[in-house]
Amino acid sequence: MPLLRIHLDSDRITAQRVLRLHQDGKTHHESREAARAEAWRQGRTPAGDPTFVGITNGRRHVQLLYDVEVYSETAR
């Protein structure tokens, strides 16, 4: 199944908190659900839970990165 990379805008404090949760084996449910919603918004059907990939290292604009497996028949 194809993977869709989702970029979610965030602030540095939240991004660091999400990263720490991931490193501790936990999930930041709000951002995971936001990644799922973004996949739907782009016209794709998620095939499972979004997977946290990391954060960008921007000075001003930090983003959370998620990979979402999507069904191929919904890919444009």
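Residues numbered from 1 in each chain as written. Predicted model: local features only at pLDDT ≥ 70, side-chain atom pairs only at ≥ 80, totals over all residues. Heavy atoms only, no water.

Engineer: What should I look at first to understand the sheet that holds strand S2 (residues 51–55) in this one?
Structural biologist: Remark on secondary structure: sheet strands pair via backbone hydrogen bonds, oriented parallel or antiparallel. With antiparallel pairing, the three strands of this open sheet are ordered in space as S1-S3-S2. Where the open sheet ends on each side, the last strands, each with one partner, are strand S1 (3–10) and S2. With direction set aside, neighbouring strand axes in the sheet form an average angle of 25°. Pairing of S1 with strand S3 (residues 62–69), which is carried by eight bridges, proceeds in the antiparallel orientation. Bridge pairing in S3 places Asp-9 opposite Gln-63. Contacts between helix H2 (residues 29–41) and the sheet are confined to S1 and S3, with S1 contributing the most and set at about 125° to the helix. (Pairing = 2+ DSSP bridges. Helix = DSSP H or I, 4+ residues; strand = E, 2+ residues; numbered from the N terminus. Axes fitted to C-alpha atoms, helices over the stretch in contact; angles between N-to-C directions. Contact = heavy atoms within 4.5 Å.)

Engineer: How should H2 be read in this particular structure?
Structural biologist: Side chains that are three or four residues apart share a direction in an α-helix, a result of its 3.6 residues per turn. Here H2 spans 18 Å end to end across 13 residues, near enough to the 18 Å set by a 1.5 Å rise per residue. Burial in H2 covers these residues: Ser-31, Arg-32, Ala-35, Arg-36, Glu-38 and Ala-39. Taken end-on, H2 shows its buried residues confined to a sector of 160°, consistent with a single buried face. Structural note: H2 exposes Glu-30 and Arg-41 on the side pointing more than 90 degrees away from its buried face. Of the residues flanking the end of H2, it is Gly-43, one or two places downstream, whose phi is positive at about 85°. (Expected span 1.5 Å × (residues − 1). Buried < 20%, exposed > 50% of the residue type's maximum accessible area, 1.4 Å probe, protein only. Arc of directions from axis to C-beta.)

Engineer: Just to check I follow, could you spell out the nonpolar core for this structure?
Structural biologist: Side chains of nonpolar character tend, in soluble globular proteins, to be buried together. Of all hydrophobic cores here, the largest spans 13 residues; its most connected members are Ile-6, Leu-8, Leu-64 and Tyr-66. By residue number, the principal contributor to this core is S3, which donates four residues. With near-sequence residues (within four places) excluded, Ile-6 lies in contact with Ala-35, Glu-38, Ala-39, Gln-42, Leu-64, Leu-65, Tyr-66 and Val-68. (Core = buried A, V, L, I, M, F, W, Y, C linked by side-chain atoms within 4.5 Å.)

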